[in-house]
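# A look at the structure
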Amino acid sequence: MAVTRTFSIIKPDATRRNLTGAVTKMLEEAGLRVVASKRMRMTRDQAEGFYAVHRERPFFNDLCNFMTSGPVVVQVLEGENAVARNREIMGATNPAQADEGTIRKTYAESIEANSVHGSDSDENAKIEINFFFKPEEIVG
Ligand code: CMP
């Protein structure tokens, strides 16, 4: 299996509860390596741009409000089949449907405050990584 990269966000509900380390530990224990990481406060423009694909969805405005409500930690994760591996350890978007042992089952508060984001394809991973990181900020 190829070593690939994916993009992850530790969301404001998790940073507020001081769970950055706990979430990162679960990612690392799942075989993923953090090759870039920064804590930041997303601007409204960044949130709207990042989630542009959801612009027509009824939850878009609330989602952007939430993602700008506190610090996030954006990360690039590397590992074998990184996109799929990260999605497995995150669990379903809605924590009520997430499997036991996943990050969202363990920590998420709701479908909106669901603690983590992860890319859904290799193609989107590249786009999302480029949205937040310069190549020289990624150290594999
Ligand atoms: P994320 O993986 O960051 O991608 C889009 C986000 O929208 C998703 O996680 C959820 O946190 C959020 N969201 C809020 N409401 C919904 C909903 N009804 N369906 C899907 N995603 C939702």
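Up top is the structure these notes are about.
### Here's the deal with the overall build of the chain
For the chain, the helix and strand inventory stands at 7 helices and 4 strands. Walking the chain from its N terminus toward its C terminus, one meets helices and strands in the order β-α-α-β-α-α-β-α-α-β-α. What you see for the chain is a C-alpha radius of gyration of 14 Å, in line with the 14 Å of a compact globule of 140 residues. Taking the principal axes of its C-alpha atoms as reference, the chain extends roughly 40 × 35 × 25 Å. Counting all 140 residues of the chain, 46% fall into the buried class. For the chain, the proportion of contacts with a sequence separation of at least 24, taken over those separated by at least 6, is 78%. Counting only carbon and sulfur atoms, one obtains 48% of the accessible surface of the chain, whose full area is about 7,300 Å². Both charge centroids of the chain, one from 18 positive and one from 20 negative side chains, sit 4 Å from each other.

### Here we look at the site of the ligand
Around the ligand sit Lys11, Tyr51, His54, Phe59, Leu63, Thr93, Arg104, Ile111, Glu112, Asn114 and His117, and those are all the residues in its vicinity. Within the contact set of the ligand, an oxygen atom lies 3.3 Å away from a backbone nitrogen or oxygen of Glu112. Within the contact set of the ligand, an oxygen atom lies 3.1 Å away from a side-chain nitrogen or oxygen of His117. Relative to its free-state accessible area of 450 Å², the ligand is covered by the protein chains to the extent of 79%.

### A look at the nonpolar core
Within the largest apolar cluster, 22 residues are counted, with the highest numbers of intra-cluster contacts made by Phe7, Ile9, Met42, Met67, Val74, Phe132 and Phe133. Where this core is concerned, the elements lending two or more residues are β1 (3-10), β2 (33-40), α3 (44-50), α4 (60-67), β3 (72-80) and α7 (122-132). With 5 residues, the top contributor of residues to this core is α4. The contacts of Phe132, once residues within four sequence positions are left out, are Phe7, Lys38, Met40, Met42, Gln46, Phe50, Val74 and Glu137.

### Details of the side chain of Thr24
Relative to the helices and strands, Thr24 resides in helix α2 (residues 20-29). Residue contacts for Thr24: discarding those within four places in its chain leaves Ile10, Val34 and Gln75.

### Quick word on the environment of Ser115
Within the secondary structure, Ser115 is located in the loop between α6 (103-107) and β4 (116-118). Note: C-alpha distance between Ser115 and Ile10 (105 residues apart in sequence) is 5.8 Å. Those residues in contact with Ser115 that sit more than four places away from it in its chain are Ile9, Ile10, Lys11, Asp13, Ala14, Arg17, Tyr107 and Ala108. For Ser115, the side chain forms a polar contact with the main-chain nitrogen of Ala108, separated by 3.5 Å.

Quick notes on the rules
- Residues numbered from 1 in each chain as written.
- Predicted model: local features only at pLDDT ≥ 70, side-chain atom pairs only at ≥ 80, totals over all residues.
- Heavy atoms only, no water.
- Helix = DSSP H or I, 4+ residues; strand = E, 2+ residues; numbered from the N terminus.
- Rg over C-alpha atoms; globule rule 2.2 N^0.38 Å.
- Buried < 20%, exposed > 50% of the residue type's maximum accessible area, 1.4 Å probe, protein only.
- Contact = heavy atoms within 4.5 Å.
- Areas by Shrake-Rupley, 256 points an atom, 1.4 Å probe, with all protein chains shown as cover.
- Lys, Arg positive; Asp, Glu negative; His and termini not counted.
- Charge placed at Lys NZ, Arg CZ, Asp CG, Glu CD.
- Near = heavy atom within 4 Å.
- Polar contact = N/O pair within 3.5 Å; in protein donor to acceptor, adjacent residues only side chain to side chain.
- Core = buried A, V, L, I, M, F, W, Y, C linked by side-chain atoms within 4.5 Å.

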